[in-house]
Amino acid sequence: MGFNLGIVGLPNVGKSTLFNALTETQAAQAANFPFCTIEPNTGRVAVPDERLEKLAELAKSAKVIPTQLEFVDIAGLVKGASKGEGLGNQFLANIREVDAVCHVLRCFDSGDITHVEGSVDPLRDAETVETELMLADLESLERRIVPLEKKAKSGEKDAKAEVAVMQKALDLLRDGKPARLADIAPEEATLFKRLTLLTAKPILYICNVEEEAAAEGNVHSAKVFEKAAAEGAQAVVISAAIEAEVAQLDDPAEKAEFLGEMGLEETGLARVIKAGYRLLDQITFFTAGPKEARAWTVRRGAKAPEAAGVIHTDFTRGFIAAETISYADYVACGGETGAKETGKMRLEGRDYVVQDGDVFHFRFNV
């Protein structure tokens, strides 16, 4: 499992239609009325990576197992969600569990599909959702900080540190800004994460446009891209209608031809996956052998024992070393044996920083 993205937004912006298309399922009921999604639907998709197929070919692997990305389709949010309006409480609980938020914004005009606000304005819609998340975070922190401040005044060192981190988030929220903009020192990162703030989640804006605007976007999506750039967020343009049609095509050649006719080089899913990796600063490493070739996801900057722990937690505890071959060397040498014979396989220790495309065999003892 790689990471998960929660699909959120106002009712009738195309969340469920997009979820169905991205996961190539009909798990989420798409309907033209609010709250057609009640329980959060989840769908996993394989992350395409041409490198994995090449490794499997060279290692003569019996199975090929790509890393996966999970989408969570969360109920539509309305004003007052932070106070429990609509399905607010459930929405807030569901979004707390995901790694990042995919905020779907309606960037198309249509008389056939009603908008909960009566008009199309993606920036207003984004502000509506963000405001509700900020209000929920504000209420949560203001409730939690009071008893902690009492402990801090009595001299509890841990309480003092936690109050200091909470205060940074509170100052931003009271100023109408999301907690993710807080200036958090490296030694405070764990405490900040422990606060489980909704507005601390990284944001990917998905601009749902009409078919004609799928390649270049439109005036609505251009405004969203400006907003994303100002916030340090990510944004992609997708036509949920096109993605739904692509999902019905089984033949890769037919898919490519259809996308070409639409002026597109890749599917919306591919764009979302790439943006998700950038947003969460993730990289891919591989394991390859006769039984299977497999892709794994780890944060950029992770050291070898952490990568080993992605495969199994025991591997971190009992880590000894990592037999390491870069993807380029693995291919150039015709596989593991050739890499060993030409001295391209390295034995890396606990301080080795994982590089994208590394092929590992971990030595461990538990």
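Read on for an overview of the structure.

Thresholds applied
- Residues numbered from 1 in each chain as written.
- Predicted model: local features only at pLDDT ≥ 70, side-chain atom pairs only at ≥ 80, totals over all residues.
- Heavy atoms only, no water.
- Phe/Tyr/Trp six-rings, centres within 6.5 Å; stacked < 30°, edge-to-face > 60°.
- Helix = DSSP H or I, 4+ residues; strand = E, 2+ residues; numbered from the N terminus.
- Buried < 20%, exposed > 50% of the residue type's maximum accessible area, 1.4 Å probe, protein only.
- Core = buried A, V, L, I, M, F, W, Y, C linked by side-chain atoms within 4.5 Å.
- Contact = heavy atoms within 4.5 Å.
- 1 Å grid on protein atoms, 1.4 Å probe; cavity = no way out; pocket = protein on both sides within 12 Å on 5 of 7 lines; lining within 4 Å.
- Points joined across faces, edges and corners; volume = space filled by probe spheres on them.
- Nonpolar A, V, L, I, M, F, W, Y, C, P; charged D, E, K, R; others polar.
- Pairing = 2+ DSSP bridges.
- Polar contact = N/O pair within 3.5 Å; in protein donor to acceptor, adjacent residues only side chain to side chain.
- Axes fitted to C-alpha atoms, helices over the stretch in contact; angles between N-to-C directions.
- Patch = residues over 30% accessible without salt bridge, like charges linked within 9 Å, V, L, I, M, F, W, Y side chains within 5 Å.
- Areas by Shrake-Rupley, 256 points an atom, 1.4 Å probe, with all protein chains shown as cover.
- Salt bridge = Lys/Arg side-chain N within 4 Å of Asp/Glu carboxyl O.
- Lys, Arg positive; Asp, Glu negative; His and termini not counted.
- Charge placed at Lys NZ, Arg CZ, Asp CG, Glu CD.

Under the definition given, this model contains eight aromatic pairs. Seen in terms of ring centroids, F3 and Y277 are 5.2 Å apart; in terms of plane orientation they differ by 70 degrees. Their pairing is edge-to-face. Placement of F3 in strand β1 (residues 3-8) and of Y277 in helix α10 (residues 268-280) is noted, with a sequence separation of 274 residues between them. Look at F360 and F362: their rings are 4.9 Å apart centre to centre, the planes differ by 35 degrees, and that puts the pair in the tilted class. Classification of F362 as buried rests on a relative accessible area of 7%.

Ranked by internal contacts, the top residues of the largest apolar core, which has 51 residues, are L5, F71, Y205 and I206. Per-element accounting of this core gives the leading share, seven residues, to α10. Ignoring sequence-local partners within four residues, the contact set of F71 consists of L5, I7, F19, L22, T23, N41, T42, G43, V45, L269 and V272.

Right, let's get into empty space enclosed by the protein. Counting across every chain of the model gives one cavity of 30 Å³ or more. Lining the largest cavity, in full, are V101, H103, A126, V129, E130, L133, I203 and Y205. Taken together, the elements giving at least two residues each to the lining of the largest cavity come down to β5 (100-106), α4 (122-153) and β6 (203-208). Sorting elements by how many residues they give to the lining of the largest cavity places α4 first, with four residues. Of the residues belonging to the lining of the largest cavity, the class tally is six nonpolar, one polar and one charged.

What follows is about the pairing of strand β9 (residues 292-299). Here three bridges tie strand β3 (residues 63-65) to β9, and the two strands are oriented parallel to one another. Its bridge partner being in β9, K63 is matched across the sheet by E292.

Turning next to the pairing of strand β4 (residues 68-73). In terms of burial, β4 is a largely internal element, five of the six residues being buried. Here five bridges tie β1 to β4, and the two strands are oriented parallel to one another. When the sheet's bridge partners are listed, L5 is paired in β4 with F71.

Mapped onto the elements, S326 comes out in the loop between β10 (319-325) and α13 (327-332). Polar side-chain contacts of S326 include one of 3.1 Å to the side chain of D329. Apart from residues no more than four positions distant in its own chain, S326 is found in contact with R346, G357 and D358.

Turning to the sheet that holds β4, a few remarks are in order. As summarised here, the arrangement of the six strands in space is β2-β4-β1-β5-β6-β7, forming an open sheet in which the pairing is mixed. Because the sheet does not close on itself, it has two edges, and the strands there are β2 (41-46) and β7 (234-238). Averaged over neighbouring strand pairs, the angle between their axes works out to 25 degrees when direction is ignored. Note that β2 and β4 share six bridges and pair antiparallel. For A46, the partnering residue across the bridge sits in β4 and is Q68. The sheet strands contacting α4 are β5 and β6, and the helix crosses β5 at an angle near 140 degrees. Lying over the sheet, helix α7 (residues 219-231) contacts β5, β6 and β7, oriented at roughly 175 degrees with respect to β6.

A word on unusual backbone geometry. At K60, a position not held by glycine, the phi torsion is positive, near 50 degrees. Structurally, K60 can be placed in the loop between α2 (50-59) and β3. Owing to a relative accessible area of 68%, K60 belongs among the exposed residues under this scheme.

Let us now look at the layout of surface pockets. By volume, the largest pocket is sized at about 1000 Å³. In terms of lining residues, the largest pocket is bounded by 29 residues, among which D99, K193, P202, L280 and Q282 are the most central. Only α6 (189-194), β9 and α11 (304-311) provide two or more residues apiece to the lining of the largest pocket. In terms of residue count, the dominant contributor to the lining of the largest pocket is α6 (four residues). By residue class, the composition of the lining of the largest pocket is 14 nonpolar, five polar and 10 charged.

Here we take up a negative patch on the surface. Taken together, the side chains of D250, D251, E254, E257 and E261 define an acidic patch exposed on the protein surface. For E257, the position within the fold is in helix α9 (residues 252-261). Given the relative accessible area of 52%, E257 is considered exposed.

This part takes up the pattern of salt bridges. Two side chains with opposite charge may pair up if their charged atoms get near one another. Applying the stated criterion to the full structure yields 20 salt bridges. Of the charged contacts in the structure, one is a salt bridge between D175 and K177, with a shortest N-O distance of 3.5 Å. Residue R294 pairs with E292 through a salt bridge whose shortest N-O separation is 3.8 Å. A relative accessible area of 25% places R294 in the partly exposed class. A relative accessible area of 24% places E292 in the partly exposed class.

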